[in-house]
Amino acid sequence: MGKLSNIARRTFLIGSAAVTGGVAFGTYCYLKPPVNPLAPMPDEITLNPYVIINKDKIIIITPRAEMGQGIHTTLAALVAEELDVPIDMITTEHGPASNTYCNMRVLSMGLPFSDYKPSLIRDFTQRTMAVSAKFVGMQLTGGSTSTIDSFERMRSAGAAAREILLKSASYRLEADIRTLVTKDGYVIAKNGQRIKYQELAYDAAKTHSSLWPTLKPRAKWKYLGKSLPRIDMLSKINGTAKFGIDITKSDMLYATVRMNPKLGGKMLSFDATKALQKSGVKKIVDLGNGIGVIATSTWRAFKASKEIHIEWEKAPYPPTTMAIFTKLSEAFDYNANSSLRSDGDTKASLHAAEDILEAEYRTPFLAHLCMEPMNATVLLSRDRLDIWSGNQAPTVVRDKAASITGLNATRVFVHTPYMGGGFGRRIETDFIDQAVQLAMAIPGKPIKLTWTREEDTTHDYYRTAAIARMKGVVDVDRPSVFKADIAAVSVLRQQSQRTLGLTIPGPDKLLVEGAFNQPYDIKNYKVNGYVSHLSVPVGSWRSVGNSYNAFFHECFLDELAHARDLDPIQMRLDLMKGIDKPSRQVVEKVADMANWSGRKNGDKARGIAFCYSYGSPTAQIIEVSQSEFGIKIDKVWCATDVGIALDRRNIDAQIMSGVIFGLSAAIHNEITFYDGEVQQSNFNNYKTIGLAQAPEVETLILENKLEMGGVGETGTPPSMPALANAIFALTGNRIRTLPLKHYFDFA
């Protein structure tokens, strides 16, 4: 598309005059019209934030980050469907940092409601939060919300564009608009005359559309609901796709950082004498908690950074993993932050029970370890700042950079390329903030900051460690008491402080999600959340609280079933009866897929787990066997209900990705501490499942729910407990602490 810029305070009116001679079509009608943030090139015309037309092509603006999940293809299809443009006739670009592209769904993620329980108060509160989200204006990719948030907005953009094109054609042809149709980028008259959209663009800029354009019924969809070719696939195969780490600029300098390995500690002093003598080193910059090295190549910056002698302040948390978990467990000594589920009377029921099952579960800190390490390229000119970096929150990047430089936010331009993974890590802006500071040290020169893999691994915002203390009672055929006390560091509090500059008060839903909000009918059912004030930095990690709570919840349910020799699937079906039909159906379907006949099937064993997360009930069965080299994961069956499946092949890929992500965590992954420092540094000691260890994954996508659900994270939570339950069925050993590598060998 060329240049994008933020046009502040420009009122967006569908049908207003074209901006700088070009045309983009769309609609965004919520409360009041937003500004249009697009500044097209001279041969382009834009009317609103989502579609740009020039003489050669149609560009659809996709304002969510593409980090491998295929979102650019799906979002483009939403517009193309209503605009009547074939997928192969369009290109996509990530939108600029703009409040116009705010994620209106993301704030509702923190609301203390269960997705499977519709209610007037839930719906009203979600609508209220959508209004609030527009005023907050945070443009964010995360929480499996991209498609849900864009489903109506981007379809409306295409529909509004189509409407004004038809109006323009009717004026030109002096024909009744009802006699005109659109197809494959043309308006077609009753007599067969065809006018290309490009020919109508300029006149369309002077035409008004409805504020609420009519959308196609599902029965008339051409592209949505079908598996489409990925728009980004070819460039990623042939190597032409541009990731943040691929950015090059003329006269560019290169940088890296060394930060205090004792996280949160400051730098007391440093001696850069030797580093400054190294060839190509231009400058050493004090970053407060570490140093930045600017040189004529990345390798020279890497080498010079190792020559700097630095004295570090101690960490503000206990020095070892054991001591950290001791501190974490102290959260149970204080009042619960939340009791978002408290059915019946668990206290009295436990007091009266004769046979109580108790268990303590633990999960470790986890790193994101994206394939592409953290990086950013920044150019500070006299009155302008340009940032090229993979990120999940462009408006946060913009505002943080403006604060650091003192520039007005309208003079900060964020360019978001493809990302080699995100998983929540690139919501954070620490590495971009550093690049901005380095650019300020040598203004007028583009500075490309690249973290070493070791720096990336040891300075993450980790998935929080967590402890769960479980109590339960099982009657003859079902549990009658289920109590979970869960302690963890609050991701919501830490991340809201970093990104929004405020600490969100009240009960922390994210800490207990995956436990309190599951569709099981247990008479006495209580989940308490305890916030630990450990100062280890934590952040969003794929599926956030669901990632550990599903392990606690579903493994303990399996223990309860085993205590009375109940079939774990039938017990779940009984508990779901009358609560949520779609959830029950995914459990039934996954049992059918695997031909379930019990925990053991000859020399193989199976485990079941379920998690309702991000609006999508998901069930998995994992089959394992014993080999001479250790436990082998043979197959995974997964059924999920997404409500509306826009692209099944893409959903399949996301589910498979989530499963592998979760199994890697279950078997291998942990972040441990010694002397306040993270001990893991690279893929050699923070392993992921490779092709040889990866199981076959079979998926089934259902559409029984009335509301659309997310898919990017939902495959991860059930995978860990399903594997642990399968291993229990195989070995008789109940493991309540991850990772499993400490207890078993894996083939």
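Below, the structure is looked at part by part.

Rules behind the numbers
Residues numbered from 1 in each chain as written. Predicted model: local features only at pLDDT ≥ 70, side-chain atom pairs only at ≥ 80, totals over all residues. Heavy atoms only, no water. Helix = DSSP H or I, 4+ residues; strand = E, 2+ residues; numbered from the N terminus. Rg over C-alpha atoms; globule rule 2.2 N^0.38 Å. Buried < 20%, exposed > 50% of the residue type's maximum accessible area, 1.4 Å probe, protein only. Contact = heavy atoms within 4.5 Å. Areas by Shrake-Rupley, 256 points an atom, 1.4 Å probe, with all protein chains shown as cover. Lys, Arg positive; Asp, Glu negative; His and termini not counted. Charge placed at Lys NZ, Arg CZ, Asp CG, Glu CD. Patch = residues over 30% accessible without salt bridge, like charges linked within 9 Å, V, L, I, M, F, W, Y side chains within 5 Å. Salt bridge = Lys/Arg side-chain N within 4 Å of Asp/Glu carboxyl O. Pairing = 2+ DSSP bridges. Axes fitted to C-alpha atoms, helices over the stretch in contact; angles between N-to-C directions. Parallel < 35°, antiparallel > 145°, perpendicular 65-115°, else oblique. Left-handed = near helix turned anticlockwise from the far one by under 90°. Nonpolar A, V, L, I, M, F, W, Y, C, P; charged D, E, K, R; others polar. Phe/Tyr/Trp six-rings, centres within 6.5 Å; stacked < 30°, edge-to-face > 60°.

## A closer look at the overall build of the protein
Across its full length, the protein holds 19 helices and 28 strands. Its C-alpha atoms give the protein a radius of gyration of 27 Å, near enough to 27 Å, the size a compact globule of 747 residues would have. On the principal axes, the C-alpha backbone points of the protein span a range of 85 × 70 × 50 Å. Evaluated residue by residue, the protein yields a buried proportion of 63% over its 747 residues. Long-range pairs, those at least 24 residues apart, make up 77% of the contacts in the protein with a sequence separation of at least 6. Summed over all atoms, the accessible surface of the protein reaches about 28,800 Å², with 52% contributed by carbon and sulfur. Measuring between centres, the 87 positive side-chain charges of the protein sit 5 Å from its 77 negative side-chain charges.

## Overview of a positive patch on the surface
Residues Lys274, Lys278, Lys303 and Lys306 make up a contiguous surface patch of positive charge. For Lys278, the location among the structural elements is in the loop between helix 6 (273-276) and strand 10 (281-286).

## Describing the sheet that holds strand 2 (residues 51-54)
One open sheet accounts for 4 strands, arranged 1-2-3-4; its pairing is mixed. Two strands in the sheet have a free side with no partner beyond their single neighbour: strand 1 (44-46) and strand 4 (90-93). Geometrically, the sheet is characterised by an average inter-axis angle of 25° between neighbouring strands, direction not taken into account. The sheet contacts of helix 4 (residues 197-204) involve strand 1, strand 2 and strand 3 (58-61), and relative to strand 2 the element is tilted by about 115°.

## A word on the packing of helix 18 (residues 648-667) against helix 19 (residues 719-731)
Close contact between helix 18 and helix 19 brings their axes to 8 Å; oriented N to C, the two are set at 55°. Taken together, the axes of helix 18 and helix 19 are oblique relative to one another. Considering the relative orientation of helix 18 and helix 19, their crossing is right-handed. Between helix 18 and helix 19, the contacting residues are Gly658, Val659, Gly662, Leu663, Ala665, Ala666 and Ile667 on the first element and Ser719, Met720 and Leu723 on the second. Classifying every residue of the contact of helix 18 with helix 19 gives 7 nonpolar, 3 polar and no charged.

## What about the packing of aromatic side chains?
Summed over the entire model, instances satisfying the criterion amount to 17 aromatic pairs. For the ring pair Tyr361 and Phe551, a centre distance of 5.6 Å and an interplane angle of 85° mean the geometry is edge-to-face. Of this pair, Tyr361 sits in strand 14 (residues 357-363) while Phe551 sits in helix 15 (residues 546-563), placing them 190 residues apart in sequence. There is no split in this pair, since Tyr361 and Phe551 are both buried. Between Phe431 and Trp451 the ring centres are 6.3 Å apart and the planes differ by 75°, which places this aromatic pair in the edge-to-face class.

Interpretation note: all reported values are geometric properties and have no functional meaning in isolation.
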